[in-house]
Amino acid sequence: MSEWHVVWVPDPGRWGSLPRDGVLGVQNLPEAVVRIGLLPGDPVYIGPDGAVDRDFLDFVRSEVFRNLERETKRNYGTDYRPLLTFLSSRGASWREATPQDLADYRHWRCDAPENPGRISGTKWNREAAAFTKLFKWGKVYPLPVDVSRREDRAADSVSSRVSWLTPRTWGLWSDVGLRGHTRAGVAAPGWESRTEIRNTSFVQLLLSSGLRRQEGGSLLTFELPTQQLRHGRYLHGRIAGAVTRSKNTRTFYASVDAVGQVEAYIQSERAWAVQRAQGQGTYDRLPMMRLITKVTRGLKPKVEWVDANGVVGGQELSQLGWRERQWLFLEGPDGPEPAWLWLTEQGLPMAPDRWNGVFRMANLRCEEVLLTEEERKIDRGFRLAEVRGKTPYATPHSARHSMALFMLILLNELFESRYGLTKADRRDFALLFGDPWWLVKTILGHADVETTKRHYLAPVSHLQLESILAAAETTDEGEDTEDLNGVFARLARETAGIQDIDSLLEAAS
């Protein structure tokens, strides 16, 4: 047997059943793990002989691996296991890997017809990046693979695989997937969801703000936007740099309606979850709790707290990562309650990655309602395009991409129609404030507008902004009759990747 296995260091308080003290010579497993320098989320690799690979343990504890984001650690850690198994099948350790070994492994992973689970070029490039870090750290030369070499990267890599939904298609997806509506648009008999308000308000917040899943999913209650812009349709707040991909704090905007839905959740489902948890003593049993005593204001707001042992601490709000935020509590009328905005039914902070499950269940619900029984029996990988096109499909990141597309179309419509700018006026406006591409890039927090064009707005990146509305239907007097829904419907017909309700309903009829 050459199979390798990986186990992950759990978070404090989530170890589950522990072995008896003294088993394998360990008196206290969590303390032993901390002593050797492993962090929650770190992978531990167990070889075919059942022993922990000490060299790989050193790599996991090294600065090279430790400084990665936890999600990246999870991805890279998963990528290493099949490579270790492959090398073991050849009787080699990872330190003995050669360029030929990696060439053969790449062929098997990406091209071999006999491999039923071949991966895409995008996936290979991620694996190559993971392997490059390992081999460079281990001083394995010549480097078996180097992601900086063109020949070691996949030419068919697609940088972003997402789906864009038009606003009304998001409405259909939310109604059917999150609210339990039938094809007729009414709540299904017996439908009950104790987290419906939470789920729908989270989706609306992401659609309104363009926040990433981790950014929106790790907000604290007092970070919800409250500062209203002059005309009252949007509020703005600050997203902490520690929870962003760029690690830079930035301003974000959310509509009054979206924030209102979140506030309704706070006052209803969230309040009930907190009340139940307090009544059951859930918070009293937590291994880590920091009770906030003060939140300062200003350019660099700081959170001050005291923990269960009376130890006083504090940190700038922008420096608090999402795991630390789960430990923060506020003193409520009936005792401590989480400062974390989104809670599970048990009243505990909901980790950002758990939103993937909410979206997955909503997608399945849409399939159940909008596909026939015969169509549902077909494995998803074998469904024809016309069957897949009958039901909307969304992920948390789809909301961010869809918001970018919506803002681009809206801003272009404002510039072209409402403001009536001439070409000269538009050039002057762009010099002062930037064109719609630049504005959307700023809202999303991208450093480079090319990222916005190439990844987030691929369906329309080939179009000149002036032409997006140019084909709008007009009256005899030359006035536009096509509204934004019409623009989105037309773009969905003309470009790939945009899901619109018209095409879904046509496919379902």
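Keep in mind that this is a model prediction, so the values were computed, not measured. (Residues numbered from 1 in each chain as written. Predicted model: local features only at pLDDT ≥ 70, side-chain atom pairs only at ≥ 80, totals over all residues. Heavy atoms only, no water.)

(A) Structural context of the overall build of the protein. Helix and strand counts for the protein stand at 21 helices and 12 strands. The proportion of buried residues among the 509 residues of the protein is 44%. Long-range pairs, those at least 24 residues apart, make up 63% of the contacts in the protein between residues at least 6 apart in sequence. Entry remark: accessible area of the protein is about 26900 Å², with carbon and sulfur atoms responsible for 51%. (Helix = DSSP H or I, 4+ residues; strand = E, 2+ residues; numbered from the N terminus. Buried < 20%, exposed > 50% of the residue type's maximum accessible area, 1.4 Å probe, protein only. Contact = heavy atoms within 4.5 Å. Areas by Shrake-Rupley, 256 points an atom, 1.4 Å probe, with all protein chains shown as cover.)

(B) Highlighting the pattern of salt bridges. Scanning the entire structure with this criterion turns up 21 salt bridges. Close ionic contact of D79 with K123 constitutes a salt bridge, the shortest N to O distance being 2.9 Å. Of the two residues, D79 is situated in helix α4 (residues 70-89) and K123 in helix α6 (residues 121-137); the sequence distance between them amounts to 44 residues. For K123, a relative accessible area of 24% gives the class partly exposed. Residue E127 is joined to K123 by a salt bridge in which the shortest nitrogen-to-oxygen separation is 2.5 Å. A residue pair is termed a helical-turn pair when its members lie 3 or 4 positions apart in one helix, as E127 and K123 do in helix α6 at 4 residues. You can call E127 buried: its relative accessible area is 0%. Connected through shared salt-bridge partners, D79, R109, K123, R126 and E127 make up one network. (Salt bridge = Lys/Arg side-chain N within 4 Å of Asp/Glu carboxyl O.)

(C) Inspection of α4 at higher detail. Between the first and last C-alpha of α4 there are 29 Å, a value that for 20 residues agrees with the 28 Å anticipated at 1.5 Å per step. Along α4, the residues classified as buried are K73, Y76, G77, D79, Y80, L83, L84, T85, F86, L87 and S88. Taken together, the buried residues of α4 touch β1 (5-8), β2 (43-46), α2 (54-61), α3 (63-66), α5 (99-110) and α6. (Expected span 1.5 Å × (residues − 1).)

(D) Geometry of the sheet that holds strand β11 (residues 335-338). Spatially, β9-β8-β7-β10-β11 is the arrangement adopted by the 5 strands of the open sheet, whose pairing is mixed. Both outer strands of the open sheet, β9 (312-316) and β11, are each paired with one neighbouring strand and no more. Strand-to-strand twist in this sheet, taken as the mean axis angle between neighbours without regard to direction, amounts to 45°. In this structure, strand β7 (residues 290-295) lies alongside strand β8 (residues 302-307), joined through 5 bridges in antiparallel fashion. Among the inter-strand pairings, I292 is bridged to a residue of β8, identified as W305. (Pairing = 2+ DSSP bridges. Axes fitted to C-alpha atoms, helices over the stretch in contact; angles between N-to-C directions.)

(E) Main features of the packing of aromatic side chains. Scanning all chains against the criterion turns up 21 aromatic pairs. Ring centres 4.4 Å apart and planes at 50° place the aromatic pair Y45 and F56 in the tilted group. Here Y45, found in strand β2, pairs with F56, found in helix α2; they are 11 residues apart in sequence, far enough to count as distant. Classification of Y45 as buried rests on a relative accessible area of 2%. (Phe/Tyr/Trp six-rings, centres within 6.5 Å; stacked < 30°, edge-to-face > 60°.)

(F) Broad picture of the packing of helix α8 (residues 196-209) against helix α10 (residues 256-279). In the contact formed by α8 and α10, the axes pass within 8 Å of each other and the chain directions differ by 155°. Looking at the two axes, α8 sits roughly antiparallel to α10. Two packed elements cross with a definite hand, and for α8 against α10 that hand is left-handed. Of the residues in α10, those touching α8 at E196, I197, R198, T200, S201, Q204, L205 and S208 are A258, Q261, V262, A264, Y265, S268 and E269. (Parallel < 35°, antiparallel > 145°, perpendicular 65-115°, else oblique. Left-handed = near helix turned anticlockwise from the far one by under 90°.)

(G) Quick peek at the packing of helix α7 (residues 167-178) against α8. Relative orientation of the contacting elements α7 and α8 amounts to 160°, with a least axis distance of 11 Å. When the axis of α7 is compared with that of α8, the two are roughly antiparallel. Relative to α8, the crossing made by α7 is right-handed. On α8, the residues that touch W170, W173, S174 and L178 of α7 are E196, N199, T200, V203, Q204 and L207. Residues belonging to the contact of α7 with α8 are distributed by class as follows: 5 nonpolar, 4 polar and 1 charged. (Nonpolar A, V, L, I, M, F, W, Y, C, P; charged D, E, K, R; others polar.)

(H) The pairing of β11, seen in detail. By the bridge criterion, 4 bridges tie strand β10 (residues 328-332) to β11 in an arrangement that is antiparallel. Along β11, the bridge assignment pairs E331 with P336. Here β10 folds back onto β11, and the loop between the two strands holds 2 residues.

Fair warning: the whole summary comes from geometry, so function is off the table for now.
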